[in-house]
Amino acid sequence: VASAHTRVADSHNILHTDMPSMERLLELRAAAFADDVEVHAAMLSWDEQRLSTYFESGGKASAPPPPQRSLRVLSLHGGGGNRNVNAMQVSRLRRALGPPDVVHFDFLEGDHAWKSENIDPRLVQLFGPGPYWGWYGVENASGHGQNDRDAYVKAMMDPAVGFEYIGYEAALDRLERHISEHGPYDALVGFSQGAIMVTMLTARALQRAARGEGAPPAWACNVLLSALPPRASPYAPIFPPGGSPLHASPPIARLPAIACMGRQDPFAPYGRQGLGSIYGALEWFEHGGGHETAKEAEVNSEVAEAIWRAVEGHRSSPGEKAPGLE
């Protein structure tokens, strides 16, 4: 215990001139006994003197001016959600990424009406009668619906069970138009079914670019929250044609992907294995919850730091080969 206190005291008294790492930032917060003060990735551009002053004030001192950078994010809800649900889901991550004058989120809704029996009643209590949307319909040969969670998970992980996505091409076209009309975006964020949309859109763009029929993705990274791999489309499905249980080489080879999933999520093994075979540059983070977004401040800070790292890497090398292409 004494050595731990000594270490904290040293980190409090010795200020470095370089920009801090996230680990150093957390040390400075601990040294000021300010664990209740939220941190966000934009703080990595603050010098340590300003950070110490800020933490020692309990977060009440005037924060230093925002860094001269910005971030534009497009966020997609999951099945049975809407823009209000999605804004709540990503609110902690938004704060971790930086202040509103630096970080801007757009929210796009699907237009596939969600079956009432599959809508989480807790969402209705919080957000009222809706409407609640998905991006496409899902049918499967097992006969098990999403409200029978255990059986549904087993069906998803069994390559012998056929799945069908209904209306997904039109949904991808609509998403692509939105990006063209309202972008560019630095990152695409998807929760659950929204993450499947992000993966399918990326894979479709890469396939078209490889055939000389379009441009590769212009955004820097995909952020996949409580994410599942595609199950029933020609765009990076978890079980590719030809009998192979998983992809031998990742179809999305180099575009950075940042995934965060709950350790209690019943879809976690399926998600991690499938996304790991689809993305060649996947960073994986875990939180303590279930099929939801992370509540822990430190997890959100780590995810935010990974997003900024991917975005700034993309901006610093605009002349390199488009991400994702071999």
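Note that the structure is a prediction, hence the values are computed from the model and not measured.

**Brief notes about the packing of helix H8 (residues 168–182) against helix H9 (residues 193–210)**
Okay, step 1: Put simply, H8 and H9 touch, their axes get as near as 10 Å, and they point 80 degrees apart. Our classification of the angle between H8 and H9 gives roughly perpendicular. Along the contact surface, H8 presents Tyr168, Glu169, Ala171, Leu172, Asp173, Leu175, Glu176 and Ile179, while H9 presents Met197, Met200, Leu201, Arg204 and Arg208.
Okay, step 2: A per-class count over the contact of H8 with H9 returns eight nonpolar, no polar and five charged.

**Details of the side chain of His178**
Okay, step 1: Locating His178 in the fold gives a position in helix H8.
Okay, step 2: Take His178: its relative accessible area is 15%, and that puts it in the buried class.
Okay, step 3: In terms of polar contacts, His178 uses its side chain to reach the side chain of Tyr185, at 3.1 Å.
Okay, step 4: With residues near it in sequence (within four places) discarded, His178 still touches Leu74, Leu108, Gly183 and Tyr185.

**A short note on empty space enclosed by the protein**
Okay, step 1: Here the structure, examined in full by the defined rule, presents one cavity of 30 Å³ or more.
Okay, step 2: The space that makes up the largest cavity amounts to roughly 40 Å³.
Okay, step 3: Contributing to the lining of the largest cavity are Leu93, Leu225, Cys260, Thr293, Ala294, Asn300 and Val303.
Okay, step 4: Across the lining of the largest cavity, the residue classes break down as five nonpolar, two polar and no charged.

**Quick look at the sheet that holds strand E7 (residues 187–191)**
Okay, step 1: In spatial order, the strands read E2-E1-E7-E8-E9-E10; together these six strands make up an open sheet with parallel pairing. Sheet topology places strand E2 (103–108) and strand E10 (282–287) at the edges, where each strand pairs with a single neighbour. When strand polarity is set aside, the average angle formed by the axes of neighbouring strands in this sheet is 20 degrees.
Okay, step 2: As paired strands, strand E1 (residues 71–76) and E7 are joined by four bridges and run parallel to one another. Note on E7: the bridge partner recorded for Val73 is Ala187.
Okay, step 3: Relative to E1, H8 is tilted by about 160 degrees, and along the sheet it contacts E1, E2 and E7.
Okay, step 4: In the packing of helix H10 (residues 268–278) onto the sheet, the strands contacted are strand E8 (221–225), strand E9 (257–262) and E10, and the crossing angle to E10 comes to about 165 degrees.

**Details of the pattern of salt bridges**
Okay, step 1: Tallied over the entire structure, the rule returns 18 salt bridges.
Okay, step 2: Note that Arg24 is salt-bridged to Glu48, the shortest N-O span being 2.9 Å. With a gap of 24 residues between them, Arg24 in helix H2 (residues 22–31) and Glu48 in helix H3 (residues 48–56) connect regions that are remote in the sequence. Across this residue pair, the class does not change: Arg24 and Glu48 are buried.
Okay, step 3: When the shortest N-O distance is used, the salt bridge between Arg204 and Asp173 registers 3.0 Å. In this pair, Arg204 sits in helix H9 while Asp173 sits in helix H8, placing the two residues 31 residues apart along the sequence.

**Quick look at the side chain of Ser301**
Okay, step 1: Structurally, the position occupied by Ser301 is in helix H11 (residues 297–316).
Okay, step 2: On the accessibility criterion, Ser301 (1% relative accessible area) is buried.
Okay, step 3: The contacts of Ser301, once residues within four sequence positions are left out, are Met22, Val39 and Ala96.

**Some words on the pairing of E9**
Okay, step 1: Among the six residues that make up E9, six are buried, leaving the element largely enclosed by the rest of the structure.
Okay, step 2: Relative to E9, E8 runs parallel, the two being bridged by four bridges. The residue of E9 that forms the bridge with Val223 is Ile258.

**Section: unusual backbone geometry**
Okay, step 1: Here Gly130 and Pro131 are connected by a cis peptide whose omega angle stands at 15 degrees.
Okay, step 2: With respect to the helices and strands, the residue Pro131 is situated in the loop between helix H6 (121–127) and strand E4 (133–134).
Okay, step 3: Residues Gly183 and Pro184 are joined by a peptide bond in cis, for which omega reads 5 degrees.
Okay, step 4: In this fold, Pro184 is placed in the loop between H8 and E7.
Okay, step 5: Residues other than glycine seldom take positive phi values, yet Ser226 does so here, at roughly 45 degrees.
Okay, step 6: In this structure, Ser226 sits in the loop between E8 and E9.
Okay, step 7: Given the relative accessible area of 0%, Ser226 is considered buried.
Okay, step 8: Although it is not a glycine, Ala236 adopts a positive phi angle of roughly 55 degrees.
Okay, step 9: As for its position among the elements, Ala236 is in the loop between E8 and E9.

Analysis parameters
Residues numbered from 1 in each chain as written. Predicted model: local features only at pLDDT ≥ 70, side-chain atom pairs only at ≥ 80, totals over all residues. Heavy atoms only, no water. Axes fitted to C-alpha atoms, helices over the stretch in contact; angles between N-to-C directions. Helix = DSSP H or I, 4+ residues; strand = E, 2+ residues; numbered from the N terminus. Parallel < 35°, antiparallel > 145°, perpendicular 65-115°, else oblique. Contact = heavy atoms within 4.5 Å. Nonpolar A, V, L, I, M, F, W, Y, C, P; charged D, E, K, R; others polar. Buried < 20%, exposed > 50% of the residue type's maximum accessible area, 1.4 Å probe, protein only. Polar contact = N/O pair within 3.5 Å; in protein donor to acceptor, adjacent residues only side chain to side chain. 1 Å grid on protein atoms, 1.4 Å probe; cavity = no way out; pocket = protein on both sides within 12 Å on 5 of 7 lines; lining within 4 Å. Points joined across faces, edges and corners; volume = space filled by probe spheres on them. Pairing = 2+ DSSP bridges. Salt bridge = Lys/Arg side-chain N within 4 Å of Asp/Glu carboxyl O.

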